[in-house]
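One letter stands for each residue in the lines below.
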Amino acid sequence: MKSLLLSISIAFLIISCSSAKPIPVAPQVEGTQSDDAKPVPKPQADVTTWRKMPPEVGPAPEVVIPVFEQTQLPNGLTVMVVRRDSLPLVDLSLVLVSGSASEEIQTQGIADLTYEMMLEGAGDRDGVELAEAFADLGSQIGVLTTEDGAAFETTLLKKNLNAGLDLLAEIVMQPTFKKKDFLRKQKERMADLQSLMGNPKYLSTIATPKRIYGDSHPYAHPVMGMPKDVSAFKNRQLKAFYQTHVSPKNAALIFAGDITLDEAVAASTARLGKWKSSAGGKKTSAQNSNETTRRPFSLAIVAKPGMNQTIISAGAATFPAGHPDEWALRVAVDAFGGMFGSRLNMNLREEKGYTYGARGHLDTMFLDGAAVISTSVQADVTGAALTEIIAELDGLKTRPITEAEFHAAKENVLKSVSGWFESVSGLGHAAQSIFERHLPVTRYTDMVAAYEKLTLNDVRRAAATYLERSVMQVVLVGDPSVIKEQLAPLSLGTPEVLELGL
Amino acid sequence: MNSNRLRRWVWTTVIIWTMGTFGLAAWAKDASDAPKLNIPFEKYKLENGLEVIIHEDHSLPLVAVNVWYHVGAVNEVRGKTGFAHLFEHIMFQGSGHIPDDGHIRILEQIGASDLNGSTGFDRTNYFQTVPANHLETALWLESDRMGFLLDTLTQEKLDNQRDVVKNERRQTTENQPYGLAEESFWQRIFPVEHPYYGLIIGSMDDLTNATLDDVRNFFATWYSPSNATLTIAGDMDVAEAKSLVEKYFGSIEGTQAPKLAKLPVVEIKESFTMEYEEPIAPLAKVEVSWITPKLYAKGDAEADILGSILSSGKSSLLHKRLVRELEMVQRISAYQMSMQHLSVFTIEAVVREGVSAQNVLAEIDKVLASVQQGQVDAQLVTRAVNQFETGYFQALEKIGHVADQLQSYNHYVGTPDFISADLARYTLVTPNDVIEFANAYLSPKHRAVLVAAPKASKQTDATVDKTSKGENQ
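Since this is a predicted model, take the numbers as computed values, not measurements.

Asker: Before we go on, may I ask you to explain the packing of helix α1 (residues 83-90) of chain B against helix α7 (residues 212-222) of chain B in this structure?
Answerer: Pairs of packed helices are described in terms of their axes, by the angle between the two and the distance that separates them. Residue and element names in this part refer to chain B. At a minimum axis distance of 11 Å, the contact between α1 and α7 shows a crossing angle of 90°. When the axis of α1 is compared with that of α7, the two are roughly perpendicular. Along its contact with α1, which presents F83, A84, F87 and I90, the element α7 presents D214, V215, F218 and F219. Of the residues in the contact of α1 with α7, the class split is seven nonpolar, no polar and one charged.

Following this line, the structure appears as structure tokens:
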């Protein structure tokens, strides 16, 4: 079963895993050592001398990035292939570019429920029979909805690929949307939401984008919707969402693994070539504008009485995916909070011991990204921790990112990127995020090229532009009776108590 | 750790991570029919007793360096719960030749991934995957903390990491839905004399009381080369790797770790129900637990298969009945938590509003009784087995997982050469095995029941029997 949290995360997909037909991108050499394997020194009497210095190492291996290929069928369906033939596996996904950001204001949360309903019955099978059919292929099917899109995904042995594709085609083209299934699924979703709304981490996860983007922004509401909206849904509204958004022009079929583009096109044409959208494939995905409005500093509390920690988040909108500042800001955010050795974590965890960890990350999204910091701190140091976070933000001006920090954050990505694609599902997820965010298939080779050109000044400028305290939206989830008195001396203004409502 | 109970196959033990995890999990996916599984390796020992396992794989320019110390919460003594894990944190605070904040910093800037440490009931591991040219850097760092940790130990480091771990406890137990309830429940099942009692994270009081001498003694007793295994997996020149291992680890002296004292018996002599007032979650949760055979013992694989049949996917028995047909629970899962000395099998369900926990328990019992009476379709077992098979297959995609799997087999069964035998444990399970397991171990007379309900919940109106109150205050 899919974890509920999958539906709510706004995090950039983390890619993992392995070995395919990688292409070399750009050789890089580290240090000045010769590139022959060095003779191994013999153990020496004066042990401490050689232990004191990091070993001299050989040249860095070439960066390897997989090739993402893409084409389109006559009906508008995109077909993407990332080839890896070391194992007879294919990660198969059907991706749609309509996610929660494509919802009407009255039906927020309907995208994910619609997609889940497509797994509750299609063709002659009900939901259990669909699950059993995938299980018989040694697999499972699930759907992950984000703000920008949704992906139905399954990993199959190559010999089962066509059978899996038959089932996926049924789900996409012939979902039944039976009323009794809808009523049951709606109740399930209401129970899920009731459970989640009591989870402090979830409260932080849904309150933060609401503040960062402002209530009227398509990213402001949670992917799973709010109980009051979900309880009012009608089955016909789900069918309407399906008819508007699930069409070949809005979709990509992604194959990651042991398959060629020709094989993928043939298999897709046979099963989804006749797929026509009833509504002409209306593409309602909002257009990104390259202009993001950043809101002035604000401070809000979400009350969860009784907690002995406070979840602090602070974030600001940045820019749409593919923006020219993207990689410079990513390096800045990594140096500031993305790495274990970042300023934020070293301060709040390793120096003060306020928290188990403090992190920052850059969300790459189609309409507007966000730079977000988050940490859970002991409740009685909420004020002190917030003071440190603000001081670190201000510190980006007085103590700009150093050459060493820049180098560490940049090299961390360049040296590890070869390992991002170890598994077929990792490859599939990378392809999904490219399609959902309307990015070029050269996304990762472009990234490596851009990283190699980055300068310290680019990174400092990005930090100064986007990580300003004056645009941060701070949300505290915790016990107001403990938090409020600690905020008073900080002169950050009166915190707004945020009612998320049910 | 509570949130990660729905484990994937790789993690056969409950573990606590040093750095926390920030990634997204993927849903379980499968593809079976794996070719015969095999991880070629070489194993040898240095003169100081350090075991070394080497697995060569040149498919990507990466190498995984992974050290297991054969010590875990199981080696803690009463009054020192949580210490094995607190100690693990100290291992990242620098050592004789590595600056206090150097270990992770150095690894991050050379592009290390899968970089962390974890403490389990029965072992502690430290791992990183680095670009192939940095094998020596990783060996330098790992050997320094194995040999010279105490050289730079200070009260300040201990105090700082004590605060960090206390916050880890607040984050992962105290402010986690059902976290405290599950800890109390665990501590009703395990006697206080048993080292699993502290549930790895330990108590606030014991963490407060940990001293520098405790750190020194623990290191001297358990962190000897002779109590550790180093695995290197990936893209390397084997002869060069061996010579580097000798250079960095060969000179570290050590002592023999003591044998583990006999553990107290854990049994649920008489069934009981514990009630707990849940402070965080808005819905009640019901858990039923039994003591079951330890990791890799006969019955352990059967328990995993049964867990899958009961709760993996829409067509599983408990999910289909309680979530879809009766609409009584928000979610339900059944799983075996396998440990070196015994295991615990648990069925847990989050109860929907207006439904009584008692009724949920009764329905769980009916499904379980049908299994015990023999209603296990062969197809259900086949599907479950296929999922495990696929899991083994897919987990070999990552070199860091391969290294850790070799370590796991070496630790628990004494040889890294076990993956095909391990998979066979599952492929050989028959419906009858599952039925026999359910009858032998999941008895209504020897089980523990937890009902964690929020205050003033409508859900406890038809309360369960109150023969025993919870230990919460």
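Past the structure itself, the notes keep going.
Asker: I tried to follow the sheet that holds strand β8 (residues 272-278) of chain B on my own but got confused; where do I start?
Answerer: Consider a sheet: its strands pair through backbone hydrogen bonds, and that pairing is either parallel or antiparallel. Residue and element names in this part refer to chain B. As summarised here, the arrangement of the five strands in space is β8-β12-β9-β11-β10, forming an open sheet in which the pairing is mixed. Only two strands of the sheet have a single neighbouring strand rather than two, namely β8 and β10 (329-338). On average, adjacent strands in this sheet sit at an angle of 15° to one another, irrespective of strand direction. Relative to strand β12 (residues 448-454), strand β9 (residues 285-292) runs antiparallel, the two being bridged by five bridges. Bridge assignment links S289 to a residue of β12, and that residue is A448.

Asker: Got a minute to help me understand helix α9 (residues 300-311) of chain B in this structure?
Answerer: An α-helical turn contains 3.6 residues, so any two residues separated by three or four positions project in the same direction. Residues and elements named next belong to chain B. The end-to-end C-alpha distance of α9 is 17 Å, a good match for the 16 Å that 12 residues give at a rise of 1.5 Å each. Among the 12 residues in α9, 12 count as buried, and that is most of the element. Along α9, the positions that sit buried rather than exposed are D300, A301, E302, A303, D304, I305, L306, G307, S308, I309, L310 and S311. G313 lies just past α9 and shows a positive phi near 90°.

Asker: Sorry if this is basic, but what is going on with the pairing of strand β5 (residues 89-96) of chain A here?
Answerer: Residues and elements named next belong to chain A. Where burial is concerned, most of β5 is hidden: eight out of the eight residues are buried. Residues L89, D91, S93 and V95 of β5 are buried on one face, and the alternating residues V90, L92, L94 and L96, pointing to the opposite face, are buried as well. With eight bridges joining them, β5 and strand β9 (residues 150-157) adopt antiparallel strand pairing. When the sheet's bridge partners are listed, D91 is paired in β9 with T155. Sheet topology places β5 next to strand β10 (residues 251-257); seven bridges connect them, and they run antiparallel. Among the inter-strand pairings, V90 is bridged to a residue of β10, identified as G257.

Cut-off values and rules
- Residues numbered from 1 in each chain as written.
- Chains lettered and ligands numbered in written order.
- Predicted model: local features only at pLDDT ≥ 70, side-chain atom pairs only at ≥ 80, totals over all residues.
- Heavy atoms only, no water.
- Axes fitted to C-alpha atoms, helices over the stretch in contact; angles between N-to-C directions.
- Helix = DSSP H or I, 4+ residues; strand = E, 2+ residues; numbered from the N terminus.
- Parallel < 35°, antiparallel > 145°, perpendicular 65-115°, else oblique.
- Contact = heavy atoms within 4.5 Å.
- Nonpolar A, V, L, I, M, F, W, Y, C, P; charged D, E, K, R; others polar.
- Pairing = 2+ DSSP bridges.
- Expected span 1.5 Å × (residues − 1).
- Buried < 20%, exposed > 50% of the residue type's maximum accessible area, 1.4 Å probe, protein only.

Read these as layout, nothing more, since geometry by itself doesn't imply function.
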